[in-house]
Each structure stands twice: as C-alpha cells, then as structure tokens.
Amino acid sequence: MAKPTLSNKSPRPLERGFFSRPALVVARELIGKHLVRRIDGEDVAALITETEAYVGAHDLACHGSKGRTPRTEVMFGPAGYWYVYFIYGMHWMLNAVTDDEGHPAAVLLRGAGAWNGPAKLTKALSIDKQFNAHPIARDAALWVEDRGHKIARRRIKRTPRIGVDYAGKWAAKPYRFVLSQKD
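In short, a report on the structure. The residue numbering used here restarts from 1 in each chain and proceeds along that chain's sequence as written. pLDDT decides what is reported in this predicted model: residues at 70 or higher carry local features, side-chain atom pairs at 80 or more are listed and counted, and totals for whole chains, interfaces and linings draw on all residues regardless. With hydrogens and water set aside, each side-chain value is computed from the structure's full complement of heavy atoms.

Glancing now at the environment of Gly64. Helix numbering and strand numbering both begin at the N terminus, where a helix is a DSSP run of H or I of at least 4 residues and a strand a DSSP run of E of at least 2. Its location among the elements puts Gly64 in the loop between β4 (42-54) and β5 (82-87). You can call Gly64 buried: its relative accessible area is 3%. As for Gly64 and Ala106, which are separated by 42 residues in sequence, their C-alpha atoms are 9.3 Å apart. Contacts are assigned to residue pairs that have any heavy atoms within 4.5 Å of one another. If we ignore the near neighbours within four places in the chain, the residues touching Gly64 are Ala57, Met75, Phe76 and Pro104. Burial classes: relative accessible area under 20% of the type maximum marks a residue as buried, over 50% as exposed, and values in between as partly exposed (1.4 Å probe, protein chains only).

Structural data, given as structure tokens:
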C-alpha cells in the first residue's frame, strides 16, 4: 500500500478561512489532513481518509434542507465550527461547518486513521455533544492540522454518500471522498 509522502512543513492548525469555502472543496481537501483530539493532556492525531459533503438547503440529504432549527443552527455559520449531532439514539457524528454564513453546509468526517466509520471515529476519540458549536481550534481540544502530507489527486476517489437514500436524486451525488489505498 502506497503511503502519503510527508513534506518538511511543521504541523499547523487549519484556520477558519480553510473552512469558509464550498463544502465539496473542503471535503476533498480534508483528505490527508489530521484530525487532532486532546485527551487527558495528550494529542491523538489521525489522518483523515474519508469525508462527505452536504452542500446547503437545496441538498435534500443536508440537515439544513429542513430549515433553521435548534439542532441545525450551527450549520448556518460561520464556517470553522463543529456540528456534532446524535443519530439512531446511539452515535455521534462529527461535521465541520463550511461555506458562507447563512448557507447551511458541512462536511461529515467518516474516517480517520484506523477508524473507518463516523461512529467508530467519534467513539474512539470521545467526541460528543460537548464539541457542538465550538470552533475547530486547539483551544476547543479538537482541531484539524496540515502536517504536510501530499496526496495525489488520483488517490482521492469520489462516490455517492452513504445512508441518504431518503434524499432522492441527491443520494446519488458523488459527494463522498475516500483516500484510495492503491495508486
């Protein structure tokens, strides 16, 4: 299996401007970055390998398509905040709010490091509602870093999103990005 190459860059947290772009762009560019969680004073980092974009109120798979509610308020901006919600009465989902303020868009982190599923990821890193509406920043103990991994574009595969069959034609949109293990 080919691994991403590492540059000489020092790790640096992604700033709000990174997230203030369309969800499809952010979802693709998060592949190869590191999700970092501070737990008991130690930083645990995992290479982001899978994401899904939810592009706004017109996207019937996006929670923002149902309008502004207490649950979705954070999705309406500004970008660079976590949107964490509970599903099926048992799993937390971690999303990064993207795009312009007032435009409900976000990127679901589906996989990082050894955790190949959004619920496995949040469980392993003890992520729950305490992070909802907090900035994506070191101060919040949950952030994303650029550690200089260079991922060849051909290694990032696009597929339909998972688990959104209810969204009609939006279910087939290739808004899921996955780091291929092969060159």
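Text resumes after the structure shown.
What follows is about a nonpolar patch on the surface. Here the term patch refers to residues with relative accessible area over 30% and no salt bridge, with like charges joined within 9 Å and nonpolar side chains (Val, Leu, Ile, Met, Phe, Trp, Tyr) within 5 Å. Only the protein chains shown count as covering a residue, and every accessible area follows the Shrake-Rupley method with a 1.4 Å probe. Any carboxyl oxygen of Asp or Glu within 4 Å of a side-chain nitrogen of Lys or Arg constitutes a salt bridge here. A cluster of nonpolar side chains, Phe86, Tyr88 and Met90, forms an exposed patch at the surface whose accessible area comes to about 390 Å². Examined against the element boundaries, Phe86 turns out to sit in strand β5. You can call Phe86 partly exposed: its relative accessible area is 37%.

Along the chain, Gly77 connects to Pro78 via a cis peptide bond; the corresponding omega equals 5°. Its place among the elements puts Pro78 in the loop between β4 and β5. Even without a glycine there, the phi angle at Asp99 is positive, about 75°. Relative to the helices and strands, Asp99 resides in the loop between β6 (91-97) and β7 (106-112). The exposure class of Asp99 is buried, given its relative accessible area of 14%.

Here the aromatic set is Phe, Tyr and Trp, taking the six-membered ring for Trp, and pairing holds for ring centres within 6.5 Å; pairs whose planes are under 30 degrees apart are stacked, those over 60 apart are edge-to-face, and all others are tilted. Scanning the model with the defined rule gives four aromatic pairs in all. Arranged with centres 4.5 Å apart and planes meeting at 40°, the rings of Phe86 and Trp92 form a pair that is tilted. Here Trp92 falls in the partly exposed class, since its relative accessible area comes to 22%. Between Trp170 and Tyr175 the ring centres are 6.4 Å apart and the planes differ by 55°, which places this aromatic pair in the tilted class. This pair shows no difference in class: Trp170 is buried, exactly as Tyr175 is. Cation placement over rings: the criterion is NZ of Lys or CZ of Arg within 6 Å of the ring centroid and within 35° of the ring normal. For Arg21, the ring lying beneath its charged end belongs to Phe18, and the centroid distance is 4.6 Å. The ring of Trp170 carries the charged tip of Lys173 above its face, separated from the ring centre by 4.9 Å.

So, about the layout of surface pockets. Space inside the largest pocket adds up to approximately 380 Å³. Where the lining of the largest pocket is concerned, the elements lending two or more residues are β4, β5, β6 and β7. For the lining of the largest pocket, the residue count by class is 15 nonpolar, three polar and two charged. The method works on a 1 Å grid over the protein atoms by themselves. A cavity is a set of points holding a 1.4 Å probe that cannot get out, a pocket is an open set with protein on both sides within 12 Å along at least five of seven lines, and residues with an atom within 4 Å of a point line them. Grid points are joined across faces, edges and corners, and a volume is the space filled by probe spheres set on the points. Of the volumes computed, that of the second largest pocket is approximately 190 Å³. Of all elements in the fold, only α2 (23-30) and β10 (149-150) reach the threshold of two or more residues within the lining of the second largest pocket. Polar here means any residue other than Ala, Val, Leu, Ile, Met, Phe, Trp, Tyr, Cys and Pro, which are nonpolar, and Asp, Glu, Lys and Arg, which are charged; Gly is therefore polar. In terms of residue class, the lining of the second largest pocket is made up of three nonpolar, one polar and seven charged.

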